[in-house]
Amino acid sequence: MIENMLIVGAIGSGLFTCFLALFAISGWVKYLRDEAGRFQKKWNWKAVSSVFIFIVLLLGILLWGNNRLGLYYMDNPTSIALFLNAFGIFFFIHLFDLIIIDYFLIVKWHPKFLNLPDTEYYTTIKPHFIGFVRGLPFGIIGSILATAISIIMT
C-alpha cells in the first residue's frame, strides 16, 4: 500500500504543480488571494472555477489511487485500507506542497519571474504551515469521499 501511495502521490504532486503553474500563469491567482495571501472576500467565476477544478483534480487522483490499490496490491481492499491509501496520497501531495512549493520555491527562492510581493505570506513559512494544518481536515473529508465512491464503484 505504501508503494501505491508514493507512486500516486508523486504523480499527483506533478499534476498539482502543473495546475498551480497554469493557475499562476493565467493570472487567476489574483481572483483567489490578495497580496497578503489571504483569500479574497468576494469570488468571481474564475475563483470558483479554479477551486472546482482543484477539487475535481484532487478527488480524481485519490480515486485513481484507490482503484490502483485494488488492481495491483489488494483484492477487495477494505474501507479502512481505501481510506488510509487515499489519505496517504493526499498527505504526500499536501506535504510536497508545503516543503517544495511553499518553502523552497515561494519562501526561499522567491523568484522574480513569479512577481510575488514581499509580504509575510510570501517570505515566511509560518502562514503556509498554518494552511497545511488547516488543510488536513479537507484531506480527511476528501479521503472519506474517495473511499465511499471507491466502494460504490466496486
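All of these numbers come straight from a predicted model, not from anything done at the bench.

Calculation rules
Residues numbered from 1 in each chain as written. Predicted model: local features only at pLDDT ≥ 70, side-chain atom pairs only at ≥ 80, totals over all residues. Heavy atoms only, no water. Helix = DSSP H or I, 4+ residues; strand = E, 2+ residues; numbered from the N terminus. Rg over C-alpha atoms; globule rule 2.2 N^0.38 Å. Buried < 20%, exposed > 50% of the residue type's maximum accessible area, 1.4 Å probe, protein only. Contact = heavy atoms within 4.5 Å. Bend = angle between axes of the 7 residues up to and from the residue. Salt bridge = Lys/Arg side-chain N within 4 Å of Asp/Glu carboxyl O. Phe/Tyr/Trp six-rings, centres within 6.5 Å; stacked < 30°, edge-to-face > 60°. Lys NZ or Arg CZ within 6 Å of the ring centre and 35° of its normal.

Draft legend 1. Seen up close, the overall build of the protein. What the protein contains, in helices and strands, is 6 helices and 0 strands. When the helices and strands of the protein are read in sequence order from the N terminus, they spell out α-α-α-α-α-α. For 154 residues, the compact-globule estimate of 2.2 N^0.38 gives 15 Å, and the C-alpha radius of gyration of the protein, at 17 Å, lies within 12% of that figure. Structurally, the protein occupies a C-alpha span of about 50 × 30 × 25 Å along its principal axes. By the burial criterion, 34% of the 154 residues in the protein qualify as buried. Nonlocal contacts in the protein, meaning residues at least 24 apart in sequence, comprise 68% of its contacts between residues at least 6 apart.

Draft legend 2. View of helix α4 (residues 79–109). Residue Y103 marks the point of greatest curvature in α4, where the axis turns by about 40 degrees. Directly beyond the C-terminal end of α4, a positive phi value near 45 degrees is found at H110.

Draft legend 3. Highlighting the pattern of salt bridges. Using the criterion set out here, one finds 1 salt bridge in the structure. Across the pair R38 and D34 runs a salt bridge, and its minimum N-O distance is 3.2 Å.

Draft legend 4. Expanded view of the packing of aromatic side chains. Under the defined criterion, the tally for this structure stands at 13 aromatic pairs. Ring centres 5.9 Å apart and planes at 10 degrees place the aromatic pair F19 and F23 in the stacked group. Placement of the pair is F19 and F23 together in helix α1 (residues 2–26), with a separation of 4 residues, close to one helical turn. The same class applies to F19 as to F23, namely buried. Pairwise contacts between aromatic rings join F83, F87, F90, F91, F129 and F132 into one cluster. Over the ring of F39 we find R33, and its NZ or CZ is 4.2 Å from the ring centre.

Draft legend 5. Region of the structure containing the environment of R33. Structurally, R33 can be placed in the loop between α2 (29–32) and α3 (45–72). Between the C-alpha atom of R33 and that of L62, which follows or precedes it by 29 residues, the distance is 26 Å. Setting aside chain neighbours within four positions, we find R33 in contact with R38, F39, Q40 and Y121.

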